[in-house]
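As a plain string of letters, each chain reads:
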Amino acid sequence: MQLTITRPDDWHLHLRDDAALSTTVPDTARTFYRAIVMPNLKPPVQTVDAAIAYRSRILAALPETMTFDPLMTLYLTSDVTPEIIREAADTPCIHGVKLYPQGATTNSEAGVASLDGMMETLETMAEVGLPLLVHGEVTDRDIDIFDREAIFLERTLGPLMQNIPALRVVLEHITTKDSVEFVKAHPEMAATITAHHLLYERNDMLAGGIRPHLYCLPILKRSLHRDALIAAATSGSPQFFLGTDSAPHAVGDKESDCGCAGCYTAPHALALYAEVFEQAGHLDRLEGFASHFGPAFYRLPVNTTEVTLIREPTEVPMARPFGETEVRLLKGGEIVNWRLA
Ligand code: NCD
Ligand code: ZN
């Protein structure tokens, strides 16, 4: 059995930089034509020039036989002025501005401590139609890590959307039933969902041994939340679409006393999603989720080529080269039901 769909795009991706690009760029480009590239480098991508330079490094790592269009983003800090927003909106390769609450995740030290001083910048984004891509977690130490996403909706995102209703918002890598309900209650917004949050819940990471390669942020939640994400992703609603949040870290940085957050899924992401949609009995809705709803939100054309998945038990490679070391794949060494033709 095989499944041919419009070539998909990845609406939330970490490619990293320098030597890592020779793995991460082809690993994504084998499946996806476009990807929204996260700006959480060190230092963060905060200017149009930095985004354009990063895009050139990405394209320099693309093998000649492949096609790929990196869609760039800026990292929101107090240095990102309304003038920079206007310049970004006039730059064809820039498609969004990323909000990282300070301290929420990998390389978020430069992130936003409070939105109070950011209103002019955010209003300018609403005016020019540049989407705000949101890592939706509060970072207060007194808020339990499993509650950080739900509290963010209440304290930060709800008020923001009330203050600036015209702001175009993507709530990224949602992990809770609360976020599914929040997004449905705001028909003008969208959310991305990762493969790992559809496949796993927190017991998979913590019961019977701790599995560092399932540790990502926002952290895996209890199974009722996973079920709500599956229902949203496979519902056919255009508000929910594919964003892998593929986030490679060197194996030693994951298997460590203080391990980094992030799952590497780019090479086999589409097979992982296919497994979830098949299990839910909605394989026919994979194409909308993977290939149609993202471009509609981002006001871009749907891709004109196709990819084919073959239903055949296939072993996931353990690792891929990553600079001087390697990066482990999610489900490395395990069998998945689908592979790219
Ligand atoms: C991401 C990373 O490593 O850059 N990690 C993750 O667990 N998702 C950052 C992010 O998107 O939160
Ligand atoms: Zn991410």
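Above this text is the structure in question.
Fair warning: this is a prediction, and the values are worked out from it, not measured in the lab.

Calculation rules
Position labels on residues start from 1 in each chain and follow its written sequence. Lettering for chains starts from A, numbering for ligands starts from 1, and both go in the order in which the items are written. Per-residue local features of the predicted model are confined to residues with pLDDT of at least 70, and side-chain atom pairs are confined, for both listing and counting, to 80 or more; whole-chain, interface and lining totals are unaffected and use all residues. Note that the side-chain values use all heavy atoms of the structure and ignore hydrogens as well as water. What makes a residue near a molecule or strand is one non-hydrogen atom of that residue sitting within 4 Å of it. As used in this structure description, the phrase polar contact means that two N or O atoms lie within 3.5 Å; if the pair is within protein, one of them must be able to donate a hydrogen and the other to accept it, and residues adjacent in sequence are counted only when both atoms belong to side chains. To be clear on the numbers: accessible area is Shrake-Rupley with a 1.4 Å probe, and residue cover counts the displayed protein chains and nothing else. Side-chain rings of Phe, Tyr and Trp (the six-membered ring for Trp) are treated as a pair once their centres are within 6.5 Å; stacked means planes under 30 degrees apart, edge-to-face means over 60, and tilted covers the remaining angles. Per the convention used, a helix needs a DSSP run of H or I reaching at least four residues, while a strand needs a run of E reaching at least two, with both numbered from the N terminus. Burial classification: accessible surface area is computed with a 1.4 Å probe over protein chains only, and a residue below 20% of its type maximum counts as buried, one above 50% as exposed, and the rest as partly exposed. Two limits define a charge over a ring: the Lys NZ or Arg CZ must be within 6 Å of the ring centre, and within 35 degrees of the ring normal. What makes two residues a contact is simply this: any of their non-hydrogen atoms within 4.5 Å. Here, the term nonpolar core denotes a set of buried Ala, Val, Leu, Ile, Met, Phe, Trp, Tyr and Cys residues that are joined through side-chain atoms within 4.5 Å. Sites may look incomplete, because water is not among the atoms used; the donor set itself consists of N, O and S atoms within 2.8 Å of the metal (3.2 Å for Na, K and Ca). In this scheme the shape depends on donor count and angles: four donors with every angle between 85 and 135 degrees give tetrahedral, four or six donors with opposite pairs above 155 degrees and others between 65 and 115 give square planar or octahedral in turn, and any other case is irregular. Any carboxyl oxygen of Asp or Glu that lies within 4 Å of a side-chain nitrogen of Lys or Arg is treated as forming a salt bridge with it. Think of it this way: DSSP has to see at least two bridges between two strands before they count as a pair. Axis angles are defined between N-to-C directions and span 0 to 180 degrees, where every axis is a line fitted to C-alpha atoms and, for a helix, only to the segment in contact.

Draft legend 1. View of the site of ligand 1. Around ligand 1 lies a shell of 15 residues, among which R16, T105, L217, D245 and H249 are the nearest. At 3.1 Å from an oxygen atom of ligand 1 is found a side-chain nitrogen or oxygen belonging to H14. Here H249 contributes a side-chain N or O atom positioned 2.8 Å from an oxygen atom of ligand 1. Here ligand 1 has 310 Å² of accessible area as a free molecule, and 100% of this is covered by the chains.

Draft legend 2. How the structure looks around the packing of aromatic side chains. Taken as a whole, this structure holds eight aromatic pairs when the rule is applied. Judged by centre distance (4.7 Å) and plane angle (10 degrees), the ring pair of W11 and Y298 falls under stacked. In this pair, W11 sits in strand β2 (residues 10-13) while Y298 sits in helix α12 (residues 286-298), placing the two residues 287 residues apart along the sequence. By relative accessible area, W11 is classed as buried at 1%. Ring geometry for F241 and F297: centres 6.2 Å apart, planes at 40 degrees, overall tilted. Here F241, found in strand β9 (residues 240-242), pairs with F297, found in helix α12; they are 56 residues apart in sequence, far enough to count as distant. Against the face of F297 rests R168, its NZ or CZ located 4.7 Å from the ring centre. Between R202 and the ring centre of F146, over which it is positioned, the NZ or CZ distance is 4.6 Å.

Draft legend 3. Fine view of helix α4 (residues 119-128). Buried within α4 we find T121, L122, T124, M125 and A126. Buried residues in α4 make contact with α3 (82-89), β5 (94-99), β6 (132-134) and α5 (148-163). Two residues or fewer past α4, G129 is found with a positive phi of approximately 80 degrees.

Draft legend 4. Region of interest: the nonpolar core. In this structure, L122 and L157 are the most contacted members of the largest nonpolar core, which totals 103 residues. If one sorts the elements of this core by residue count, helix α11 (residues 269-279) sits on top with eight residues. Every residue in contact with L122, bar those within four places of it in the chain, is listed here: L76, L115, L132, L160, I164 and L167. One finds I36, Y75, L133 and V170 within the second-largest nonpolar core, a separate group that totals 13 residues.

Draft legend 5. Representation of the coordination of the zinc ion (ligand 2) within the structure. Protein-derived coordination of the zinc ion (ligand 2) comes from H12 (NE2), H14 (NE2) and D245 (OD), at a distance range of 2.0 to 2.1 Å. Coordination geometry of the zinc ion (ligand 2): the four donor atoms subtend angles of 92 to 136 degrees at the metal centre, consistent with an arrangement described as irregular. Considered as a linear motif, the donors of the zinc ion (ligand 2) on their single chain read H-x1-H-x230-D. Of this pair, H14 sits in the loop between β2 and α1 (21-29) while D245 sits in the loop between β9 and α10 (251-254); the two residues are 231 residues apart in sequence, bridging distant segments of the chain. With respect to class, H14 is no different from D245; both count as buried.

Draft legend 6. How the structure looks around the pattern of salt bridges. The tally for this structure, following the rule as stated, stands at 14 salt bridges. Note that R30 is salt-bridged to D27, the shortest N-O span being 2.7 Å. Ionic pairing is found between E334 and K331, a salt bridge with its closest N-O pair at 3.8 Å. One salt-bridge network, held together by shared partners, links D27, R30 and R320.

Draft legend 7. View of the sheet that holds strand β7 (residues 169-171). An order of β2-β3-β4-β5-β6-β7-β8-β9 is seen for the eight strands of this open sheet, with the pairing classed as parallel. Looking at the sheet topology across the chains shown, the edges are occupied by β2 and β9. Strand-to-strand twist of the sheet, defined as the mean angle between neighbouring strand axes without regard to direction, takes the value 30 degrees. Where α5 meets the sheet, its contacts fall on β5, β6 and β7, and the angle it forms with β7 comes to roughly 165 degrees.

Draft legend 8. Here's a closer look at the sheet that holds strand β13 (residues 335-340). A sheet is described by the order of its strands in space; here three strands give the open sequence β1-β10-β13, paired in antiparallel fashion. Of all the strands in the sheet, just β1 (2-6) and β13 have a single pairing partner and so form its edges. Looking at each pair of strands side by side, their axes are set apart by 30 degrees on average, direction ignored. Where strand β10 (residues 306-315) meets β13, five bridges bridge the pair, whose relative direction is antiparallel. Paired with L309 across the two strands is L340, which belongs to β13. α11 contacts β1, β10 and β13 of the sheet and is inclined by roughly 115 degrees relative to β13. The strands touched by α12 within the sheet are β1 and β10, with β1 carrying the most contacts at an inclination of about 30 degrees.

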